[in-house]
Amino acid sequence: MSATTYANKNATHVSMTSTSGDYKTGNGPTGTYLMQTATTFAPNDWHNSNSIMSTTAVRQQGGSLEIRQAARKLRNDTDNKTEWGQKDNTTRLHDRMIDITAWKDKLEQTIADTDVEMAALTSHKERCETALTNMNTPFEVVHDNLATRSIRVAIDLVDDEVNQALNKEVEVINGIKEKLQQKVNEAFQQLCDLQDAYNAMCDDLADKMHCLDVDQACHGLTNQSANIGFHKNATRIKEGIVMPDAWDGHSNYNTQRAIAEMRASTSLREAINNMIEQTSNDLEAQRLRTEYAFRKRIHEVQMAKDELEWQQRNTKREIDVLSDDIRGLKQAISDKDKPLEVAETRSENRTYRPRVELCRDAPHDGIIAERNDLMNTVATLIDQHNIAEDAHTQLKQTLDRLNEDWSIKSNSLELEERCMTKRQKLLLVAHNV
């Protein structure tokens, strides 16, 4: 139990055990009451108060001892932490200088390699200025194919493999024209890109050298150095500060950019010698892929057209057969009229039998059953007739759709064959690319 709790408990006890004092009477809203004029305490209260004072003093002395011990431990811990913190950061500065030196060496080597590649690309800059004239013919043929196929109608206006192949062919032709037209300019542009990468690395190298000087000076600072002191807001986060990953990424980006530009430059020098053969092969390969797609599509359309013709014949035959069945159902319904008239006439005539002769005999029940059976039969025949009529209507609608789709397929087949005829011009162009 704490001293405060103990004191509060005894204070409560004292207030409960105080009994001495003078009283006087008074009047209030609820009646007459006694008022205490003075307070006295019992001997036990006096002893309890002394005990509380002693206990509080002992507790506070013990707390003071704990505080002194904690203070000594804290002093030792902070001294050790301060010493090791400085040593750790000295080590970190040393490691940082190693990282900077590694990047400095890599930048210097990459700068030298870039300088060599720039000299090599300069000597290849004027190696390509021909081979664009014959690209207009395949461009026109492919666009004519796309325009021709765009007039397909209804379900046949589909973005099929042929369309994709033609669009790819347009892409290949545009790529070839672009490459042939831009090679000289690309060589010049590549030199500019190499120069940009070269300049960026030189700037990065200069920054690395300056940073290395700063960190070397910081690494040499100790508690006994003459040029140390307090600085206002020394731990501020300066605008533009970057994280280690970003710092490493910056130099990595500069070197990788230069390496990529050198690779691009090497590829460009090789491409200048191989462009004519490469573009011819690309164009011919795409032409073969497109015409294979055309032949495949023509076969599919022809198969679909043949299937439609087969279904047309079958549907017409089924319509004729179903028409005969419908006529048979109508006749069967008509044939039930007379038997129904006989059954109802019999039933009606027998209702006129006199007195006790009006008996519900076997003929009575049989005639009623016969009449009900006939009515059910007629209803069943009518339902079947309606079903057959619906099926007949659906077959006629299907035949109309088959005829329409057959016309669509015929039109599509004619367009595909027209495209293939137009593409014969490409054979005259392929070897001239």
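Structure: above.
Since we're looking at a predicted model, the values are computed, not measured.

Before going further, it helps to spend a moment on the nonpolar core. Core analysis: the largest hydrophobic core is formed by 21 residues, its most contacted members being Val-142, Leu-166, Ile-176 and Phe-294. With eight residues, helix 4 (residues 161-219) is the largest single contributor of residues to this core. Discounting residues that sit within four places of it in the chain, Val-142 has contacts with Leu-166, Glu-169, Val-170, Ile-173 and Arg-423. Within the second largest apolar cluster, eleven residues are counted, among which are Ile-319, Leu-322, Leu-381 and Leu-395.

Now for a negative patch on the surface. A surface patch of like charges, here negative, comprises Asp-95, Asp-99, Asp-245 and Asp-248. Among the secondary structure elements, those contributing two or more residues to the negative patch are helix 2 (43-122) and helix 5 (244-335). By the secondary structure assignment, Asp-95 is in helix 2.

The next subject is the packing of helix 4 against helix 5. Across the interface, helix 4 lies against helix 5 with an axial gap of 8 Å and an inter-helix angle of 170°. What the angle tells us is that helix 4 and helix 5 run roughly antiparallel. The class makeup of the residues in the contact of helix 4 with helix 5 is 23 nonpolar, ten polar and 16 charged.

Its 14 residues place the ends of helix 6 (residues 337-350) 20 Å apart at the C-alpha level, agreeing with the 20 Å of an ideal helix rising 1.5 Å per residue. Of the surrounding secondary structure, the elements contacted by the buried residues of helix 6 are helix 7 (362-422).

What follows covers the pattern of salt bridges. According to the stated counting rule, one finds 25 salt bridges in the structure shown. Two residues, Arg-152 and Asp-160, come together in a salt bridge whose shortest N-O distance is 3.5 Å. A residue is classified by how much of its surface remains accessible, and Arg-152, at 5% relative accessible area, is buried. Classification of Asp-160 as buried rests on a relative accessible area of 10%. Here Lys-168 makes a salt bridge to Glu-171, at a shortest N to O gap of 3.6 Å. With a gap of three residues between them, Lys-168 and Glu-171 both fall in helix 4, about one helical turn apart. Lys-168 sits in the partly exposed class, given a relative accessible area of 37%. Overlapping salt bridges bring together Arg-149, Arg-152, Asp-160, Arg-297, Glu-300 and Glu-416 as one network.

What counts and how
- Residues numbered from 1 in each chain as written.
- Predicted model: local features only at pLDDT ≥ 70, side-chain atom pairs only at ≥ 80, totals over all residues.
- Heavy atoms only, no water.
- Core = buried A, V, L, I, M, F, W, Y, C linked by side-chain atoms within 4.5 Å.
- Buried < 20%, exposed > 50% of the residue type's maximum accessible area, 1.4 Å probe, protein only.
- Helix = DSSP H or I, 4+ residues; strand = E, 2+ residues; numbered from the N terminus.
- Contact = heavy atoms within 4.5 Å.
- Patch = residues over 30% accessible without salt bridge, like charges linked within 9 Å, V, L, I, M, F, W, Y side chains within 5 Å.
- Areas by Shrake-Rupley, 256 points an atom, 1.4 Å probe, with all protein chains shown as cover.
- Salt bridge = Lys/Arg side-chain N within 4 Å of Asp/Glu carboxyl O.
- Lys, Arg positive; Asp, Glu negative; His and termini not counted.
- Charge placed at Lys NZ, Arg CZ, Asp CG, Glu CD.
- Axes fitted to C-alpha atoms, helices over the stretch in contact; angles between N-to-C directions.
- Parallel < 35°, antiparallel > 145°, perpendicular 65-115°, else oblique.
- Nonpolar A, V, L, I, M, F, W, Y, C, P; charged D, E, K, R; others polar.
- Expected span 1.5 Å × (residues − 1).

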